[in-house]
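Each chain is listed here by its residues.
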Amino acid sequence: MIWSMLAACAVVAAVAGAVLPRRARFAPLGRPWFWLLFPATCLVAAWWVGVSIGWVGNLGGSARFFWDAFTPAPEGQQFLSNEQFQQMQDQRRLRRVLPVAVAVGAVLSVWAWRRRRI
């Protein structure tokens, strides 16, 4: 997940390097909403990537894969600890919420860009 976060920061830095020199040419019209929304959207997108591919680590380490999750536990034993189960449930919920947050952030970033709120 650290690579996706670093990539998101690199995208924000590249856009800043391309836009900020041009910003001095005109007077901004209020708060710089683009510079609040765009970095946050990039970080949420990186978080979404991390949540989408990071579910394997909850099963007990990097050496375990999804086919290990379905081995039956001995009678009377719990397969996952409560913490592992909660992590899997949280990631399941985040896989539903984060794409919507990325889409809303992208739409708002485009709106701020077109309104010259940079």
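Look up a bit, the structure's there.
Residues numbered from 1 in each chain as written. Predicted model: local features only at pLDDT ≥ 70, side-chain atom pairs only at ≥ 80, totals over all residues. Heavy atoms only, no water.

*Asks:* Can you help me understand helix 2 (residues 33-53) in this one?
*Replies:* The end-to-end C-alpha separation of helix 2 is 30 Å, in line with the 30 Å expected for 21 residues at 1.5 Å each. Restricting attention to buried positions, one finds in helix 2 the residues Phe34, Trp35, Phe38, Pro39, Thr41, Cys42, Ala46, Gly50 and Val51. (Helix = DSSP H or I, 4+ residues; strand = E, 2+ residues; numbered from the N terminus. Expected span 1.5 Å × (residues − 1). Buried < 20%, exposed > 50% of the residue type's maximum accessible area, 1.4 Å probe, protein only.)

*Asks:* Teacher, can you tell me more about the pattern of salt bridges here?
*Replies:* Close approach of charged atoms allows side chains of opposite charge to pair. All chains considered together, the criterion is met by one salt bridge. Here Arg93 and Asp90 are joined by a salt bridge, their closest N and O atoms 3.1 Å apart. One end of the pair, Arg93, and the other, Asp90, are both in helix 3 (residues 82-114), three residues apart, so they sit about a helical turn from each other. Arg93 gets classed as partly exposed once you look at its relative accessible area, which sits at 41%. Asp90 sits in the partly exposed class, given a relative accessible area of 39%. (Salt bridge = Lys/Arg side-chain N within 4 Å of Asp/Glu carboxyl O.)

*Asks:* What am I meant to see in the packing of aromatic side chains here?
*Replies:* In this structure the tally under the stated criterion is three aromatic pairs. Judged by centre distance (5.0 Å) and plane angle (85 degrees), the rings of Phe34 and Trp35 are edge-to-face. (Phe/Tyr/Trp six-rings, centres within 6.5 Å; stacked < 30°, edge-to-face > 60°.)

*Asks:* Mind showing me how you'd approach a nonpolar patch on the surface here?
*Replies:* Together, Trp33, Leu36, Val100, Val104, Leu108 and Trp111 line one region of the surface with nonpolar side chains, adding up to about 550 Å² of accessible area. Going through the elements one at a time, helix 2 and helix 3 are the ones with two or more residues in the nonpolar patch. The greatest single-element share of the nonpolar patch, amounting to four residues, is contributed by helix 3. As for its placement among the helices and strands, Leu36 is situated in helix 2. (Patch = residues over 30% accessible without salt bridge, like charges linked within 9 Å, V, L, I, M, F, W, Y side chains within 5 Å. Areas by Shrake-Rupley, 256 points an atom, 1.4 Å probe, with all protein chains shown as cover.)

The quantities given are spatial measurements derived from coordinates; they are silent on function.
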